[in-house]
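# Structural features, examined
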Amino acid sequence: MSIITVGTAPIEGQKPGTSGLRKKTRVFMGPHYLENFVAAIWEGIGGAEGRTFVLGGDGRYFNDRAAQVILRMAAAAGARKVIVGQNALLSTPAASNLIRQRGTDGGIILSASHNPGGPEEDFGVKFNMPNGGPAPEEVTDRIFAATKRISAYRILEAQDVDLSRPGVTRLGEMEVEVVDPVEAYRGLMARLFDFAAIRELIAGGFRVHFDAMHAVTGPYAKAILEDELGAPPGSVVNARPLPDFGGGHPDPNPVWAKDLIALMMGAEAPDFGAASDGDGDRNMIVGRGIYVTPSDSLAVLAANAHLAPGYAGGLKGVARSMPTSRAVDRVAEALGIPAYETPTGWKFFGNLLDAGLATLCGEESAGTGSDHVREKDGLWAVLLWLNILAVRREPVAAILAEHWRRFGRNYYTRHDYEAVDAARAGALMEGLAARLGSLPGTEVAGLRVAAADDFAYTDPVDGSRSEHQGIRVELEGGGRIVYRLSGTGTVGATLRVYLEALETDPARLGLDPAAALAPVIAAADAIAGIRAQTGRERPDVTT
Ligand code: VG1
Ligand code: CO
């Protein structure tokens, strides 16, 4: 086997976004595209020589071939060892766990998460640090810089490694260890949660339904929910990971997991429903007859986490991404613990978790997690909910009602305008930013603006600063509008508008969220001129 050096040239646009580099699969499969980026990763982290990495992905189209390329490049770069999930599969949280447990120098995750998969859809590559978390901006900036000056990369000339069976092999000088993708993760979950209590709950007739959306969580959910916790076979559906996720978006929200919503709202609804996304780091929670918004889920988990053994000592603090509703802040206040507000994307939670400032983190986009790994974790959230339900023995709806009575309710919705012309979306954001100073004190659609700013974040641990992370408009009475452009899309720009209204009147806690939010929605359009600027009458996706 020999190492060959391939001449190449910089390819434009290899700038990692909210969560790694995401592009159309065809783009990734184009000449040198993947190779250039991987070589830039090696350079951005100071070389791969002598190092050990974890490698795996969500099983989408091109996952298997990309993994083989990365293995050959790691071997050529002098890596000591790569730990790969069997068949190149690893959920994002399981990869994070392996990086930490095995003390590796980081890992590469192949995923475009909730984006659809297939030859005409999306692919992605992300580097995670030795702490198990996504590379911070300082590192992704170095990787991007390396993509702009690359002139050659090195790769081993070799056949594919057999990744179909656990065991140790070699690729040139490098060791390749193929591991069962579920095992270490299952062990971690068993340490955090009271499996015996959940088993007893389920044995008592409590019905669980989990939709893996044809994505990577299927094998994890089957092993844990069915095999370990005794949920009857068939409780986990769409459990086989498919390269195109069955043709849908593996995005656990009421739009893309509508079968689950229909089931949970029907007469025969199970007690508890859940779904996860392409790479297993997101979750959707649904009770019988009630959808739990991710922001509410984070707040309920924060208020009840102490009921699970892994969190019995209480929480050090909580953190949420800026657009996430402030429901969890109200819980933190009641618990007397700090609440942090970070930019969108899990990479901003890493320092808080490493420094022991926060125990629980969450995002409105259905991501919740804790300091057990450095990624959000879909199945973890499901298990924490089940542990809480096993202790409280109340329906999900009753838990929410009690939560709102105690803390108030932050009605919440997100409107996405997808594939908007990038120039028009940029102009909308710039126009807003230019008018921020004049907004406070004005009345819009019957609501008064209390404050407005362009969100910037200074990391309390390392002092790094991230600017232009979305525009916040605070309304009197606790409402809020946030405008932000997505950093994970692959076509045009996606404008996200996050809408929140606070209600503490006990008589108004059970309103239809759309009705409760109608004035805030009207104000959001009036302030930004969304319809006029995007030419869209209504959002493409409402969650
Ligand atoms: C979206 C979500 C964000 C999440 C990110 C990655 O980013 O809004 O909360 O962290 O996806 O999630 P953006 O920039 O498109 O709004 V995952 O599960 O797709 O890796
Ligand atoms: Co994901």
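First, a word on scope: everything that follows refers to the structure included in this document. Keep in mind it's a predicted model, so treat the numbers as computed, not measured.

What counts, and at which threshold
- Residues numbered from 1 in each chain as written.
- Chains lettered and ligands numbered in written order.
- Predicted model: local features only at pLDDT ≥ 70, side-chain atom pairs only at ≥ 80, totals over all residues.
- Heavy atoms only, no water.
- Helix = DSSP H or I, 4+ residues; strand = E, 2+ residues; numbered from the N terminus.
- Expected span 1.5 Å × (residues − 1).
- Buried < 20%, exposed > 50% of the residue type's maximum accessible area, 1.4 Å probe, protein only.
- Pairing = 2+ DSSP bridges.
- Axes fitted to C-alpha atoms, helices over the stretch in contact; angles between N-to-C directions.
- Phe/Tyr/Trp six-rings, centres within 6.5 Å; stacked < 30°, edge-to-face > 60°.
- Contact = heavy atoms within 4.5 Å.
- 1 Å grid on protein atoms, 1.4 Å probe; cavity = no way out; pocket = protein on both sides within 12 Å on 5 of 7 lines; lining within 4 Å.
- Points joined across faces, edges and corners; volume = space filled by probe spheres on them.
- Nonpolar A, V, L, I, M, F, W, Y, C, P; charged D, E, K, R; others polar.

In a regular helix each residue adds 1.5 Å, so 12 residues correspond to 16 Å; helix α2 (residues 33–44) covers 16 Å between its end C-alpha atoms and thus fits that length. Summarising burial for α2: 11 of the 12 residues are buried, a large majority. Residues of α2 that are buried: Y33, L34, E35, N36, F37, V38, A39, A40, I41, W42 and G44. Remark: G46 follows α2 within two positions and exhibits a positive phi of approximately 85°.

Judged by pairing direction, the sheet is mixed, and its four strands sit side by side in the order β16-β15-β17-β18 without closing on themselves. Each end of this open sheet is capped by a strand with a single partner; those strands are β16 (339–342) and β18 (367–370). Across this sheet, the average inter-strand angle for adjacent strands is 15°, counted without regard to direction. As judged from the three bridges shared by strand β15 (residues 318–321) and strand β17 (residues 360–363), these two strands associate in the parallel manner.

Here we come to unusual backbone geometry. Even without a glycine there, the phi angle at N238 is positive, about 50°. Checked against the element boundaries, N238 lands in the loop between β11 (236–237) and α9 (258–265). Taking relative accessible area as the criterion, N238 reaches 30% and is therefore assigned partly exposed. Of note, the phi angle at R393 is positive, near 55°, even though the residue is not glycine. Tracing the chain through its elements places R393 in the loop between α13 (378–392) and α14 (396–407). The class for R393 is partly exposed, based on a relative accessible area of 47%.

Looking now at the packing of aromatic side chains. Taken as a whole, this structure holds 10 aromatic pairs when the rule is applied. Ring plane angle 75° and centroid distance 4.5 Å describe the contact between W346 and F349, whose orientation is recorded as edge-to-face. We classify W346 as buried; its relative accessible area is 4%. Taken together, F28, Y33, F62 and F123 form an aromatic cluster joined through their ring pairs.

What follows covers the environment of V69. By secondary structure assignment, the location of V69 is in helix α3 (residues 63–76). The class of V69 is buried, set by a relative accessible area of 12%. Setting aside residues no more than four positions away along its own chain, V69 makes contact with L34, E35 and I155.

Taken as a whole, the largest pocket spans an internal volume of roughly 700 Å³. Around the largest pocket, the lining is made up of 30 residues, and of these H468, Q469, L485, S486 and G487 lie nearest the centre. Breaking the lining of the largest pocket down by element, the ones donating at least two residues are α5 (137–147), α15 (422–435), β25 (480–485) and β26 (493–503). At four residues, α15 tops the list of elements feeding residues into the lining of the largest pocket. Grouping the amino acids of the lining of the largest pocket by side-chain chemistry returns eight nonpolar, 15 polar and seven charged. Each pocket or cavity is described by its volume, and for the second largest pocket that value is around 510 Å³. Taken together, 31 residues form the lining of the second largest pocket, with Y291, T293, Y412, T413 and T543 sitting closest to its centre. For the lining of the second largest pocket, the secondary-structure elements that each account for two or more residues are β13 (283–287), β14 (290–292), α10 (294–304), β19 (409–420) and α16 (513–528).

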